[in-house]
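Residue strings, one per chain:
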Amino acid sequence: MTVSDSERALLDSIDEHEIVTLTAALIDAGGENPGDTEEKTAKVLAEHCRALGFDVRTVEVVPGRPNVIVSIGSDDRPGVLFVGHSDVVPAGTGWTTDPFSAVVRDGRIVGRGACDMKGGLAAVVAAMTAVQLAGLADEHPMTLACLVDEEDTGLGIRAFVADQPLRNHSHCVVAEPTDLVTIVGCRGAANLEIETRGRSAHAGQPRNGANAIAAAARIIAIIEDWQIELDGKPDPELGPATWNVGTISGGTGTSMVADRCTLTVDRRLLPGERAIDVVDELRSRIEAADVTGSGIEVTIDVAMEMPGFLTSADSGLVSTAVQSVLDTGSASSTDIWTASCDGGFVAQQMGIGTVVLGPGEIENQAHRPDESVAVRQLTDSARAYALIATRIAAPPGL
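Values in this document were obtained by computation on a predicted structure and should not be read as measured data.

Cut-off values and rules
- Residues numbered from 1 in each chain as written.
- Predicted model: local features only at pLDDT ≥ 70, side-chain atom pairs only at ≥ 80, totals over all residues.
- Heavy atoms only, no water.
- Helix = DSSP H or I, 4+ residues; strand = E, 2+ residues; numbered from the N terminus.
- Expected span 1.5 Å × (residues − 1).
- Contact = heavy atoms within 4.5 Å.
- Polar contact = N/O pair within 3.5 Å; in protein donor to acceptor, adjacent residues only side chain to side chain.
- Phe/Tyr/Trp six-rings, centres within 6.5 Å; stacked < 30°, edge-to-face > 60°.
- Buried < 20%, exposed > 50% of the residue type's maximum accessible area, 1.4 Å probe, protein only.
- Lys NZ or Arg CZ within 6 Å of the ring centre and 35° of its normal.
- Salt bridge = Lys/Arg side-chain N within 4 Å of Asp/Glu carboxyl O.
- Pairing = 2+ DSSP bridges.
- Axes fitted to C-alpha atoms, helices over the stretch in contact; angles between N-to-C directions.

A. Seen up close, helix α2 (residues 16-28). With 13 residues, α2 extends 18 Å between its outermost C-alpha atoms, agreeing within 8% with the 18 Å of an ideal straight helix rising 1.5 Å per residue. Buried positions along α2 lie against α3 (39-51), β4 (103-105), β5 (108-110), α4 (114-133) and α10 (375-391). One side-chain oxygen at the N-terminal end of α2 lies 2.9 Å from the backbone nitrogen of H17; it belongs to D15.

B. Broad picture of the packing of aromatic side chains. Per the stated rule, a full pass over the model turns up 2 aromatic pairs. Measuring from ring centre to ring centre gives 5.1 Å for W226 and W243, while their planes differ by 50 degrees; the resulting arrangement is tilted. One end of the pair, W226, is in helix α6 (residues 212-231); the other, W243, is in strand β10 (residues 242-250), with 17 residues separating them in the sequence. Here W226 and W243 have matching classes, each one buried. Above the face of the W226 ring, R267 is positioned so that its terminal group lies 5.7 Å from the ring centre. Over the ring of W226 we find R285; its NZ or CZ atom is 4.2 Å from the centre of that ring.

C. How the structure looks around the pattern of salt bridges. This structure, assessed with the given rule, holds 19 salt bridges. The salt bridge involving D280 is made with R283; its shortest N-O contact spans 3.6 Å. Taken together, the positions of D280 and R283, both in helix α7 (residues 275-288) and 3 residues apart, correspond to about one turn of that helix. The class for R283 is partly exposed, based on a relative accessible area of 34%. Between E281 and R285 there is a salt bridge, with the nearest N and O atoms lying 2.8 Å from each other. Taken together, the residues span about one helical turn, with E281 and R285 both in helix α7 at a distance of 4 residues. Overlapping salt bridges bring together D36, E38, R65 and D149 as one network.

D. Structural context of the sheet that holds strand β16 (residues 372-374). The strand order β4-β5-β16 describes an open sheet built from 3 strands, whose pairing is antiparallel. The sheet is open, and its two edges are formed by β4 and β16, each paired on a single side. Strand after strand, the sheet turns through a mean of 25 degrees between neighbouring axes, direction not considered. Of the pairings in the sheet, the one linking β5 to β16 comprises 3 bridges and is antiparallel in character. Residue pairing for β16: V110 is matched across the bridge by S372.

E. Structural context of the pairing of strand β11 (residues 260-269). Counting buried positions along β11 gives 8 out of 10 residues, so the element sits mostly inside the fold. One ladder, built from 10 bridges, connects strand β9 (residues 188-197) with β11; its direction is antiparallel. Each bridged residue has a counterpart across the sheet, and for G188 the counterpart in β11 is L269.

F. Region of the structure containing the sheet that holds β9. If you trace the 4 strands from one edge of the open sheet to the other, you get β10-β11-β9-β12, paired in antiparallel fashion. The open sheet is flanked by β10 and β12 (297-306), the only strands paired with a single partner. Neighbour-to-neighbour, the strand axes of this sheet turn through a mean angle of 20 degrees, independent of strand direction.

G. Spotlight on the environment of N67. Here N67 is to be found in strand β2 (residues 65-72). Accessibility expressed as a relative area gives 2% for N67, which makes it buried. As for N67 and E39, which are separated by 28 residues in sequence, their C-alpha atoms are 9.0 Å apart. Filtering out sequence-adjacent residues up to four positions away, N67 remains in contact with R57, T58, V59, V61, C146, L147, V148, G156, A159 and F160.

Encoded structure:
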């Protein structure tokens, strides 16, 4: 697609310095999670956007943890929804700088959350600023939903989709780090906690007890056998659903029959799968294997569930996103994601086409010491977001 003169002016108006400044301020605000500390980050973003004249709404999900919803343009027509989050994973050790004091060096911003995803938030705000200044906001409305708790249990996105947003949205771009690759789908995720309870006894007479660890081992074998079945019927785009046993703990001492054992298990979900159905099937398989006989009880709880999504590579959103990145001068392609994100909730519960697209590399830069993002990618992301917002057409009926 040829970039028009008006689009070129739009792209040229995006201020790299402003993106860097806001990214640094958001990094400095912290927001470690677990820790429930997003409030300062939310305040920095809200105050910045109010100063720009944007419509800003804060919604407290739980005390001290507000979602920030920022909009420009008319609410009479559907616009593009951009989704991000205000929390970051704990800083950890091994940093060569203060993780919550942003540093710019060698063309990169360094700090916890620079890549995942304070830089993405700043890029969206820069795109909104450009669209507003160009007088295009009423024709091409934009909303940024900056949500809490993405890195843990998803409180923010659950509240957002349940709140039935005041504005209509035609499409969604999740500004997570994808190295400017347009992600058209990802599997969902469910965290399960499986507890086996047995009966303690002296290890000299183990038959007097019921070993909860042995029962847990049998459940692990059931899961491994189930994985073989799943591997044989993968989704053509996303691959198979997967199981992973992450932790196991139980027992009291070597000379005692273990009366309790707990497994934490990750189950990646294909679009349309629900954790409750997976749990029901697992219970059926456990009962069929007679694990619960001889004094063993098993409980299974869903600690977290995040749905997956898949958007057709032939959709207008995908083609517009790919071309918009190309028109910034960056390489452009499509892919699927091994991670999960808030986009699955949007696609499932709001029913709009969704992609993930943003600055930074999640595998090589995020969630590690000296996390960083290239300033050039922040600017190119902002330019791509502005083009997507002004080029995309609302689907019929919206």
